[in-house]
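Residue-level listing of the chains:
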Amino acid sequence: MKSEITYFEKGGEENTAQVLQIALERFKKGDIEAIVIASSFGKTATMAAETFAPENINFLVVGEVLDGIQSPPEGIVEKLKTQGHNVIWGLPMGQMSKFSRNETPNLIGDAYKRISEGFKVVCEIVLIATNAGYIKSGVKILSIAGTHNGADTAIVAKAAGYQDFKAFQVLEILCKPYQRSAK
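Residues numbered from 1 in each chain as written. Predicted model: local features only at pLDDT ≥ 70, side-chain atom pairs only at ≥ 80, totals over all residues. Heavy atoms only, no water.

Q: Honestly, the overall build of the chain in this entry has me stumped. Any pointers?
A: Helix and strand content of the chain: 6 helices and 8 strands. Each helix and strand of the chain, placed in order from N terminus to C terminus, yields the pattern β-α-β-α-β-β-α-β-α-α-α-β-β-β. A globule of 183 residues ought to have a C-alpha radius of gyration of about 16 Å, and the chain, at 15 Å, matches this closely. By its C-alpha atoms, the chain is 45 × 40 × 30 Å across when sized along the principal axes. Among the 183 residues that make up the chain, the fraction classed as buried is 46%. For the chain, the proportion of contacts with a sequence separation of at least 24, taken over those separated by at least 6, is 66%. Within the structure as shown, the chain displays about 9,600 Å² of accessible surface, and the carbon and sulfur contribution to it stands at 50%. Looking at the chain, you have 20 positive and 20 negative side-chain charges, and the mean spots of the two groups are 5 Å apart. (Helix = DSSP H or I, 4+ residues; strand = E, 2+ residues; numbered from the N terminus. Rg over C-alpha atoms; globule rule 2.2 N^0.38 Å. Buried < 20%, exposed > 50% of the residue type's maximum accessible area, 1.4 Å probe, protein only. Contact = heavy atoms within 4.5 Å. Areas by Shrake-Rupley, 256 points an atom, 1.4 Å probe, with all protein chains shown as cover. Lys, Arg positive; Asp, Glu negative; His and termini not counted. Charge placed at Lys NZ, Arg CZ, Asp CG, Glu CD.)

The following block contains the structure:
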């Protein structure tokens with residue numbers, strides 16, 4: 001099998017439109033059973049809804065809790081839900097370590113960050129979505145995320161939850177920043 005990886009000069013939201021186009025083209029090839037997208041402020045999820053609208057596909061948005069408030073904002077969440085998309089919030093790997101006093105999730109997250117921040121997040125949101133029961137373990141999933149704002153990374157993965165972490169597989173890297181951020 002031959003596949004192409006797009007590398008962005010730097011990570012960040014300026015890559016979002018291109019990432020979504022790359023992801024859409026991969027989706028059109030078939031065999032993708034679900035799509036999961038990270039979106040803290042709602043901009044990436046809103047752009048994804050527009051990009052994927054012609055395909056009539058619903059996706060899952062994984063938000064986060066920022067300063068004690070669920071994000072993306074409620075208005076965007078409601079709009080996404082009326083379009084048929086789901087929005088959930090989950091526990092990132094680093095926060096799991098705080099609660100369990102087991103550093104393994106934190107170490108895994110840090111290892112993924114060696115590839116890029118967006119790579120950590122694309123993996124993490126698949127684990128969160130599967131663990132929460134929104135994605136069935138073993139399905140082929142398209143995952144889109146980024147570094148801080150926007151999207152700069154997309155992968156195809158075999159889904160699994162935290163409890164079955166060894167079954168999780170990254171099958172294809174579609175795009176990512178060439179170099180990770182300094183964090």
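Q: How should I be thinking about the packing of aromatic side chains in this particular structure?
A: For the coordinates displayed, the defined rule picks out 4 aromatic pairs. Aromatic side chains Phe-27 and Phe-52 sit 6.1 Å apart centroid to centroid with 80 degrees between the ring planes, which places their arrangement in the edge-to-face category. Remark: Phe-52 occurs in helix α2 (residues 43-52) and Phe-27 occurs in helix α1 (residues 16-28); sequence separation between them is 25 residues. Taken as a pair, Phe-27 and Phe-52 share a single burial class, namely buried. Judged by centre distance (5.6 Å) and plane angle (75 degrees), the ring pair of Tyr-112 and Phe-119 falls under edge-to-face. We classify Tyr-112 as buried; its relative accessible area is 14%. (Phe/Tyr/Trp six-rings, centres within 6.5 Å; stacked < 30°, edge-to-face > 60°.)

Q: Looking at this structure, I do not really get helix α5 (residues 104-113). What am I missing?
A: Because the α-helix completes a turn every 3.6 residues, residues three or four places apart line up on one side. Those residues of α5 that fall on the buried side of the exposure criterion are Pro-105, Gly-109 and Tyr-112. The arc that holds the buried residues of α5, viewed along the axis, is 60 degrees, so those residues lie on one side. (Arc of directions from axis to C-beta.)

Q: Would you take a moment to explain the environment of Thr-16 for this structure?
A: Locating Thr-16 in the fold gives a position in helix α1. You can call Thr-16 buried: its relative accessible area is 3%. Note: C-alpha distance between Thr-16 and Ile-35 (19 residues apart in sequence) is 16 Å.

Q: Looking at this structure, I do not really get the pairing of strand β3 (residues 60-66). What am I missing?
A: Remark: a regular strand shows side chains that alternate across the two faces of the sheet. Pairing of strand β2 (residues 34-38) with β3 involves 3 bridges; the strand directions are parallel. In the sheet register, Val-36 faces β3, and the bridge partner there is Leu-60. The β-α-β motif built from β2, the intervening α2 and the parallel element β3 has right-handed crossover chirality. In this sheet, strand β5 (residues 86-89) lies alongside β3 in parallel orientation, the contact comprising 4 bridges. When the bridges of β5 are listed, Val-61 appears paired with Val-87. Counting the residues between successive antiparallel strands, the hairpin from β3 to strand β4 (residues 69-71) contains 2 residues, one of them, Asp-67, with a positive phi of roughly 55 degrees. (Pairing = 2+ DSSP bridges. Right-handed = clockwise from strand over helix to strand, strands pointing away.)

Q: Whenever I open this one, α2 confuses me. Can you help?
A: Within α2 the residues assigned to the buried category are Thr-44, Ala-45, Ala-48, Ala-49, Thr-51 and Phe-52. Mapping the buried residues of α2 onto a view down its axis gives an arc of 165 degrees, with all of them on the same face. Along α2, exposed side chains directed more than 90 degrees from the buried face belong to Lys-43 and Glu-50. Where α2 is buried, its residues meet α1, β2, β3, α3 (74-82) and β6 (140-145).

Q: I'm lost on a nonpolar patch on the surface in this one. Help?
A: Taken together, the side chains of Ile-5, Tyr-7 and Tyr-178 present a nonpolar region at the surface, about 340 Å² in accessible area. Looking at the element boundaries, Tyr-7 is found in strand β1 (residues 6-8). By relative accessible area, Tyr-7 is classed as partly exposed at 45%. (Patch = residues over 30% accessible without salt bridge, like charges linked within 9 Å, V, L, I, M, F, W, Y side chains within 5 Å. Salt bridge = Lys/Arg side-chain N within 4 Å of Asp/Glu carboxyl O.)

Q: Help me understand the environment of Ile-35, please; the structure alone is not making it clear to me.
A: The topology assignment puts Ile-35 in strand β2. Distance from Ile-35 to Ile-144, taken between C-alpha atoms, is 7.9 Å for residues 109 residues apart in sequence.

Nothing here speaks to function; it is all geometry.
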